[in-house]
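Notes for the structure review
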Amino acid sequence: MGLNLKSLEAVAEAMVAPGKGILAADESTGTIGKRLAQVNTENTAENRNAYRDLLFSADGIEKYISGVIMYDETLHQSSLADGTAYTEYLAAKGMIPGIKVDTGAHDLAGSEGEKVTSGLDGLDDRLKEYRQMGARFSKWRAVINITEDNPSGYCISANAHALARYAALCQKNDLVPIVEPEILMEGDHDIDDSFVVTEEVLHTVFFELYSQGVNYEQMVLKPNMVLSGYDGSDRAGVDEVADATLQCLARTVPAAVPGIAFLSGGQSDENATAHLNRMNQFVNGNKPWNLSFSYGRALQQPALKAWMGKAENVGAAQMALLKRAKLNGLATMGEYSSEME
Ligand code: 13P
């Protein structure tokens, strides 16, 4: 694919190369069903394949997208144009194939309203199979909620422990782990609450990664930005978010980690781009890790709306995706401005 991806370090660096980011297209069957329902499209394997195909085949997308996270079903599907398996198709186009390997967040026993992510049982064997199929990196997402009483230390440490077990197994099986602890935007918390929780979660995650021998040079962190809750009053603006997020990461993420690829987490498309851009302007090249994106909704939503499940709209949907990918690519270098919208 023209990239030197011999080592895990090289794969991790390529995933967060300046100008590029990761397309998260790994929605589970249930989650993609909710997205398809927004455009009155039935949640069938054929429609899921058609939708993912339009994303991957957009002309020139590889200029801005370094890698794609897929769901298990998509990894077993193939290009509508020529029947090539997607792992091979993406690699030939210059994008690194990735796979979501957790099996979702489930109720955490003994805690009210908290979740822990499952998927460790049998993971070693699944990772071997995914690597053989051509995947070069994988993703595991932990979910943390901010409420009056939560998160509990128990929830944070259970999730951090599982993230580290997953990451160690990935590296053993020659896959770069994306380590994703997501603090949700749901609720009326303010940005200071988000800061305190994000700081504690990231400290705990890196403590577990260290304790379990995970190699920092061979991973990518996928955190939330430090944001006010959706229902908060007087929500923080772009500069405040960029500033708080950078301070929180500086306190918690070792310099050996090559890159940080943010999730969008329900921010508007334009906010997700503006926040990333502002952070890169603030640091002006002067930071230990590349600051990039691994967006799902913030890359896909305009494309989905343009598509509406209709073959005749594929071109318009691809244009919408390319626009967001390009603007986010610019944001990784601090070169985006809102006039470009
Ligand atoms: P969002 O950008 O929509 O939050 O999705 C990213 C992701 O992969 C969540 O796990």
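Residues numbered from 1 in each chain as written. Predicted model: local features only at pLDDT ≥ 70, side-chain atom pairs only at ≥ 80, totals over all residues. Heavy atoms only, no water.

1. A closer look at the packing of aromatic side chains
Spelled out, the test is: Here is the rule: rings of Phe, Tyr and Trp (six-membered ring for Trp) pair when centre to centre is within 6.5 Å. Planes less than 30 degrees apart are stacked, more than 60 are edge-to-face, and the remainder are tilted. Only DSSP runs of H or I with at least four residues qualify as helices, and only runs of E with at least two residues qualify as strands; both kinds are numbered from the N terminus onward. Remark: exposure states derive from per-residue accessible area (1.4 Å probe, protein chains only) relative to the maximum for the residue type, with buried under 20%, exposed over 50%, and partly exposed in between.
Scanning all chains against the criterion turns up six aromatic pairs. Taking the centre distance of 5.1 Å and the plane angle of 90° together, the rings of F56 and Y86 count as edge-to-face. Of this pair, F56 sits in helix α3 (residues 45-56) while Y86 sits in helix α5 (residues 86-93), and the two are 30 residues apart along the sequence. Relative accessible area serves as the criterion here: at 1%, F56 is assigned to the buried category. Measuring from ring centre to ring centre gives 5.6 Å for F206 and Y216, while their planes differ by 80°; the resulting arrangement is edge-to-face. Linking F206 in helix α8 (residues 191-211) with Y216 in the loop between α8 and β8 (220-221), this pair joins segments that are ten residues apart in sequence.

2. As for the site of the ligand
How we decide: In these notes, residues near a molecule or strand are those with any non-hydrogen atom within 4 Å of it. Here a polar contact is taken to be a pair of N or O atoms separated by no more than 3.5 Å, where protein atoms must pair a possible hydrogen donor with a possible acceptor and residues adjacent in sequence count only if both atoms sit in side chains. Exposure was quantified through the Shrake-Rupley algorithm and a 1.4 Å probe, taking into account, for residues, occlusion by the shown protein chains and nothing else. The residue classification treats Ala, Val, Leu, Ile, Met, Phe, Trp, Tyr, Cys and Pro as nonpolar and Asp, Glu, Lys and Arg as charged. All others, Gly included, are polar.
Neighbouring the ligand are 13 residues, the closest being K139, K222, S264, G265 and R297. In this structure, K139 approaches the ligand through a side-chain N or O atom, which is 2.5 Å from an oxygen atom. A distance of 2.8 Å is found between an oxygen atom of the ligand and a backbone nitrogen or oxygen belonging to G296. The protein chains hide 92% of the 300 Å² of surface that the ligand would expose on its own. Residues belonging to the shell around the ligand are distributed by class as follows: three nonpolar, four polar and six charged.

3. Details of the sheet that holds strand β2 (residues 65-70)
We apply this condition: Strands were regarded as paired on the criterion that DSSP finds at least two bridges between them. Two residues form a contact once any of their heavy atoms are found within 4.5 Å. Axes here refer to lines fitted to C-alpha atoms; in helices the fit is confined to the stretch in contact. Angles between the N-to-C directions go from 0 to 180 degrees.
Here we have eight strands rolled up into a closed barrel, ordered β1-β2-β3-β6-β7-β8-β9-β10, and parallel in their pairing. Relative to strand β9 (residues 259-262), β8 is paired through two bridges, and the arrangement is parallel. Residue pairing in the sheet places L221 in a bridge with I260 of β9. Lying over the sheet, α5 contacts β2 and β3 (96-100), oriented at roughly 170° with respect to β2. Its contacts with the sheet place helix α11 (residues 297-307) against β1 (21-25), β2 and β10 (290-295), and it is angled at close to 60° to β1.

4. Things to note about the confidence of the model for the chain
Note the cut-off: For every residue, the pLDDT score states the predictor's confidence, bounded by 0 at the bottom and 100 at the top.
Per-chain confidence: the chain averages 97 in pLDDT, with 99% of residues scoring 70 or above. Averaged pLDDT values for the elements of the chain fall to 97 in helix α10 (residues 269-283) and rise to 99 in β8.

5. So, unusual backbone geometry
Geometrically, the link from N150 to P151 is a cis peptide bond, its omega value of 10° lying close to zero. Counting through the fold element by element, P151 comes out in the loop between β6 (137-144) and α7 (153-172). Positive phi values are uncommon outside glycine, yet D234 reaches one of about 55°. Tracing the sequence through the fold places D234 in the loop between β8 and α9 (238-252). The residue M308 is not glycine, and still its phi comes out positive at about 55°. Mapped onto the secondary structure, M308 falls in the loop between α11 and α12 (314-331).

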